[in-house]
Structure formats: structure tokens, C-alpha cells
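In case you want the letters, here they are:
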Amino acid sequence: MRTCELTNLVEIDVSENNMEISRLGALAYDPAPESAALAKLQPSYGLFIDGAFTDPSKHQQFATLNPATGLPLAMVAQADVRDVDHAVKAARRAYDNVWSTMSGAERGKYLFRIARLIQERARELAVVETLDNGKPIRESRDIDLPLAAAHFFYYAGWADKLDHAGFGSSPQPIGVAGQIIPWNFPLLMAAWKLAPALAAGNTCVLKPAETTPLSALILAEILEQAELPAGVVNILTGDGSTGSALVAHPGIDKIAFTGSTEVGRLIQERLASTDKRLTLELGGKGANIVFEDAPIDEVVEGIIDGIFFNQGHVCCAGSRLLVQESVADEVLRRLVRRVDQLRVGDPLDKNTDVGAINSAAQLEKIRELTAYGELEGATRYTSSCRLPDTGYWFSPTIFADVSQSHRIAREEIFGPVLSMLTFRTPEEAVAKANNTKYGLACGVWSEKGSRTLWVAERLRAGVVWANTYNRFDPTSPFGGMRESGFGREGGRHGLEAYLNV
Ligand code: NAI
Ligand code: MG
């Protein structure tokens, strides 16, 4: 049985597990693991180039791990400059000979087919995603997979309607798109990148992140199943050097990147003297703003979801909580109590709320920044749920008494760590929310619509949620400003990034 104690808040007699649990109001659940065998993983995977799996030219491979155990799941290929060259040339041939000349209606049929195959193989893909990434199966099954399919369905619908998308009478594709994605939503980010690019008539070379390549490789199998013409999508596994070679390849017309601000900046510098198009979706330090009139129970759930969803490995995470001073103590009290009820552990267990940290490197970064939080004087509340002995784990954590100058209020932690600040007036809330180099997402919680709109108008962020957080939909554009990047993904706006407009 899971044991918890509330640090810093109420003292609990931990000698009697059951009593402690019932006092917290948490129910005990039996383990309910999904079967890892559903993943049907192969021992090793090649590169997907020109419609077939091929060996990397240097025959180099690396292991992708299950972060919940630290054990290898499969070997994947390390693509080098020559493989990148093969993939880009295959994409160019496919663009010239097949994809850009095909009617939108025909392209749409392929996208519909891919969407349906993702649905058919959703259970397998959800297990693969959870094994490779560490995210709870509840999230991969109920969020990542349905949204990935929905993106293909949505853009399939646009493929034959580009003339009516508001970009002129006959908008043209850009050409070959190089797409580099991160590890936090591996399949979903692949869908966000591929679906609009293909609908608009581009061909693609996609590079998944090195710690989470597997769902993209299953997607390659799905593209084969869908009989997508060879070369329209090529998938190259590898590390940053593969991404770097893709950015540098002269045959690429556009780069779409999601990942760290540091690498985004590097890519922008590299492309500055070229005519390659670029969109960047980078980091964030989202403010979740709570006014005193907001319904407190919903607020607490929204804050929890805003920061602990996907272990906080979310670029738009509500990692800075701004609470109106009059309700700050009450919100903190309830939050600390709620955090201690989160179930941390086996990501394959259907009752798990918070899974494993994706990598040793990310865990190290979270530890370093939270250590600074204490050093700089913030008050730390940590759920003391027992963590598994192997793999990478971090207890959900809340910092109160945070000031704007603290590193934990300024830097992206990208982990299950919330920094709480307070404000008195709407003006102060806006000033504090905007006091960041980022500008990706914010949340506003209030019963009063006019106040929410007043605040939303003044927030410098690409996305503002009202009385909710981390809501995604393929019809809705998503993207940042300032150091969170530029360009929009999703919706009609998402087509613009892949059209010569
Ligand atoms: P990263 O930016 O290094 O990795 C993202 C992708 O870029 C991966 O596919 C990687 O192989 C590739 N890449 C790395 N170096 C490259 C280069 N020079 N040229 C082209 N591609 C390159 O991010 P990392 O190291 O995985 O995470 C570091 C931090 O970045 C995280 O702690 C988090 O704060 C932030 N991050 C933000 C994400 C977001 O969704 N906006 C996603 C992942 C990380
Ligand atoms: Mg992995």
C-alpha cells in the first residue's frame, strides 16, 4: 500500500497506513496494469526512408529506455548526414513526382486512412508511448492517442479545401519540410507536424527525440499500411546531430521545431542567412491566475491538472500559480492536501496519476532547480508518496512563498513542480504573469467574464485558457510569442506554416 505524509502542513501518524490513508480521504486501489506485451516491440528498428525500413549507413544504433525501470526497450538507428541526405532526396522526389501534383481530395484520403489506422492500433500505441516516455497509460490512452488521430482527421478535411482557407485562391505547398520533435508528447507532436504539412501538399522528414522514438516507428508501419506513396514521409531516429544535419541540408525548404529555447535559438541562427522557412515552438513558464471569486474546488483540480499532467513535461504547463492574496492560504492548504493524494508509480497502471520522469538528464535538471528553490528561501511541500526503487522519479512538489526573482519562478523546470506567488489586484496579476521571457500559455480563473476578458487581453501569451487548463483541440491554434517561439500549429492557422502565402 502506498504511504504518504504531508510535510509542513499537518502531522500524521505514519505508523498506521490505513488510518493515514483514510484520513487523507484517498481510496486504496489494487494494481491494474495494462499489459506491456501489447506493445509488440521488435528488438531493433531501422530508419524509415523512401517507404521502407533501412539500415543506417554507419550501422550505429542506440537503446531507448523505459524510464520507469531504466531498462532498454529496443535498439534504434542513429541516422547520420548520409541518411539525412537519402531521406531529403526521397522526400524531394516524392514531392515533385507524386504528392504536390496529387489532388487535395486524394491526399485527404491518405490522411483519413492514417487517422483510422491510428485508431485501430490505439491500444498498442498507447502502451508503446507509456513504455518509452513514462507517462501514465490513462493519459496516453485518453489524451495523446485520441488527439493524434483527431489531428489527422481534422487536416484530412482541409486537404481539398485549401482554396477556401483564406490564403488566396490556389495556395501552394512549400516543398520538403524537416520536422524535429521532442519527447514529451512523441506521437502527438508527430501528428501536429505531419498532418498539416501533408494536407497542404508538402513532403516530410521527421526526427523524433532520442529518448522516445518508438511510437514514430510504429507510425511508420502505419504509413506503410496506409500505402502512403514512398518518400512522402521519412522518419529518421537519432540525436541532436541528426537534427542538426537536417537543419543544415540544402534540400530542405522549411524547418518546424518543437523543443528547448536553446536549440530553437541555434536553429534560427543557422537559418538566418538562408531562405528556409521556420516555425519554433519552444519553452514556457505559464501563469495560472486565480481570482478570489473562482470556485475553489474546480480551481484546485485545474491547478493540479495544469502542472502535474504528463509529469509537468509540458511546454504550456501552468508552472507559475498566481493566487489572489485573500484566498491564497485556502488554495495552498487544499493544494497540498490534493497533491498528496496523487498516485505516483507504474505508468502502465490505469490508476496512476503521475508517471516516471522521462530521462536521467531531465531528472537531474528538476533536482537542480528545486534545490535552488529551497536555497533561495521558498517553502517546499513535497508529496512523500513512496517512489519506485528503479527508474527516474520525482515526487510532486509545490513551492510557496516564491518571489519573482527566484529561479523557480523564472526558469522552465519541465517537471512536477509548481511555484506559487500571490497578487492583490488584476493589474498586479497581469504584471506578474507577463514578467517572463516566455509567452506560451496562461490560465485565468474567475466567475466574472468581464474580468477574465480584461486580463486575457493584457496577457502576452499565445494561448489563454479561461476556467480550465491544458485543453487541446485540433481546430484550435497553438503557439507562442517572445522566447516561446513563433508560428501556429492546429486549426486553419496551422496550414499557413506549410503554405507559400
Ligand atoms: P532539445 O531541444 O535538445 O530536444 C528537442 C529535439 O531537438 C530532439 O529531437 C533533439 O534530438 C533535437 N535537437 C537537439 N539538438 C539539436 C540541434 N543542435 N539541432 C537540431 N535538433 C536538435 O531538448 P531536451 O534537451 O530534450 O530538453 C531540454 C529542455 O528543453 C527541457 O528541460 C525543457 O525545459 C525544454 N523542452 C521543451 C519542450 C517543448 O515542448 N517546448 C520539449 C522538450 C524540451
Ligand atoms: Mg525511452
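Residues numbered from 1 in each chain as written. Chains lettered and ligands numbered in written order. Predicted model: local features only at pLDDT ≥ 70, side-chain atom pairs only at ≥ 80, totals over all residues.

Draft legend 1. Seen up close, the pairing of strand E10 (residues 254–258). Counting buried residues along E10, five of its five residues qualify, which places the element largely inside the surrounding structure. Neither face of E10 is left uncovered, since the one carrying Lys-254, Ala-256 and Thr-258 and the one carrying Ile-255 and Phe-257 both have all their residues buried. Where strand E7 (residues 176–180) meets E10, four bridges bridge the pair, whose relative direction is parallel. Opposite Gly-178, over in E10, you have Ile-255 as the bridge partner. Here E10 runs beside strand E11 (residues 277–281); their pairing, made up of five bridges, is parallel. Counterpart to Ile-255 in the pairing with E11 is Leu-278. (Buried ≥ 20, exposed ≤ 12 C-beta atoms within 10 Å, placed from the backbone. Helix = DSSP H or I, 4+ residues; strand = E, 2+ residues; numbered from the N terminus. Pairing = 2+ DSSP bridges.)

Draft legend 2. Quick peek at the domain arrangement of the chain. The assigned domain composition of the chain is domain 1 (2–25 + 284–466) and domain 2 (41–282 + 481–500). Domain 1 and domain 2 are separated by 31 Å when their C-alpha centres are compared. In this complex, domain 1 contributes 28 residues to the contact, which on the side of domain 2 involves 20 residues. (Domains from an automatic or database assignment. Contact = placed C-beta atoms within 7 Å.)

Draft legend 3. Main features of the nonpolar core. Among the nonpolar cores identified, the biggest contains 95 residues, and Leu-111, Phe-152 and Ala-199 are the most heavily contacted of them. Considering every element that reaches this core, the biggest residue donor is helix H6 (residues 186–199), with 11 residues. By size, the runner-up hydrophobic cluster in this structure holds 64 residues, among which are Val-331, Ala-356, Met-420 and Leu-421. (Core = buried A, V, L, I, M, F, W, Y, C linked by C-beta atoms within 7 Å.)

Draft legend 4. Quick peek at the confidence of the model for the chain. Confidence in the prediction for the chain averages 94 pLDDT; 95% of positions are at 70 or higher. For residues 1–23, every residue scores under 50 in pLDDT, and the model assigns this stretch 36 contacts once sequence neighbours within four places are set aside. (pLDDT = per-residue confidence, 0-100.)

Draft legend 5. Local environment of the site of ligand 1. Looking at ligand 1, there are 27 residues lining it, with Pro-182, Gly-240, Gly-243, Gly-259 and Ser-260 nearest. Elements with a minimum of two residues in the shell around ligand 1: helix H8 (240–248), helix H9 (261–271) and helix H12 (360–375). Sorting elements by how many residues they give to the shell around ligand 1 places H8 first, with four residues. In terms of residue class, the shell around ligand 1 is built from 12 nonpolar, nine polar and six charged. For the shell around ligand 1, the two domains that each supply at least three residues are domain 1 (2–25 + 284–466) and domain 2 (41–282 + 481–500). (Near = placed C-beta within 6 Å. Nonpolar A, V, L, I, M, F, W, Y, C, P; charged D, E, K, R; others polar.)

Draft legend 6. The sheet that holds strand E4 (residues 61–66), seen in detail. Ordered in space as E1-E5-E4, the three strands form an open sheet in which the pairing is mixed. The open sheet terminates on both sides in strands that have one partner only, identified here as strand E1 (44–45) and E4. In this structure, E1 lies alongside strand E5 (residues 71–77), joined through two bridges in parallel fashion. When the bridges of E5 are listed, Tyr-45 appears paired with Val-76.

Draft legend 7. Just the environment of Arg-82, in detail. Mapped onto the fold, Arg-82 is located in helix H2 (residues 81–99). The exposure class assigned to Arg-82 is exposed, which follows from the 12 C-beta atoms found within 10 Å. C-alpha separation for the pair Arg-82 and Thr-242, spaced 160 residues apart in sequence, amounts to 10.0 Å.

Draft legend 8. Region of interest: the pairing of E7. Within E7, five of the five residues are buried, which leaves it mostly tucked inside the rest of the structure. Of the two faces of E7, both are covered, the one formed by Val-176, Gly-178 and Ile-180 as well as the one formed by Ala-177 and Gln-179. The pairing of E7 with strand E8 (residues 203–207) spans five bridges and is parallel. In the sheet register, Gly-178 faces E8, and the bridge partner there is Val-205. On the question of chirality, the crossover connecting E7 to the parallel E8 by way of H6 is right-handed. (Right-handed = clockwise from strand over helix to strand, strands pointing away.)

Draft legend 9. Highlighting H9. Residues of H9 that are buried: Thr-261, Gly-264 and Ile-267. One side of H9 holds all its buried residues, which, seen down the axis, span an arc of 120°. Away from its buried face, by an angle of more than 90 degrees, H9 presents the exposed residues Glu-262 and Glu-269. The inward-facing, buried residues of H9 abut H8, E10, E11 and strand E19 (485–486). (Arc of directions from axis to C-beta.)

Draft legend 10. Summary view of helix H3 (residues 104–120). Its 17 residues place the ends of H3 24 Å apart at the C-alpha level, agreeing with the 24 Å of an ideal helix rising 1.5 Å per residue. Among all positions in H3, only Arg-107, Gly-108, Tyr-110, Leu-111, Ile-114, Ala-115, Leu-117 and Ile-118 are buried. Looking at the buried side of H3, the elements it contacts are helix H4 (122–133), helix H5 (137–158), H6 and helix H7 (214–225). (Expected span 1.5 Å × (residues − 1).)

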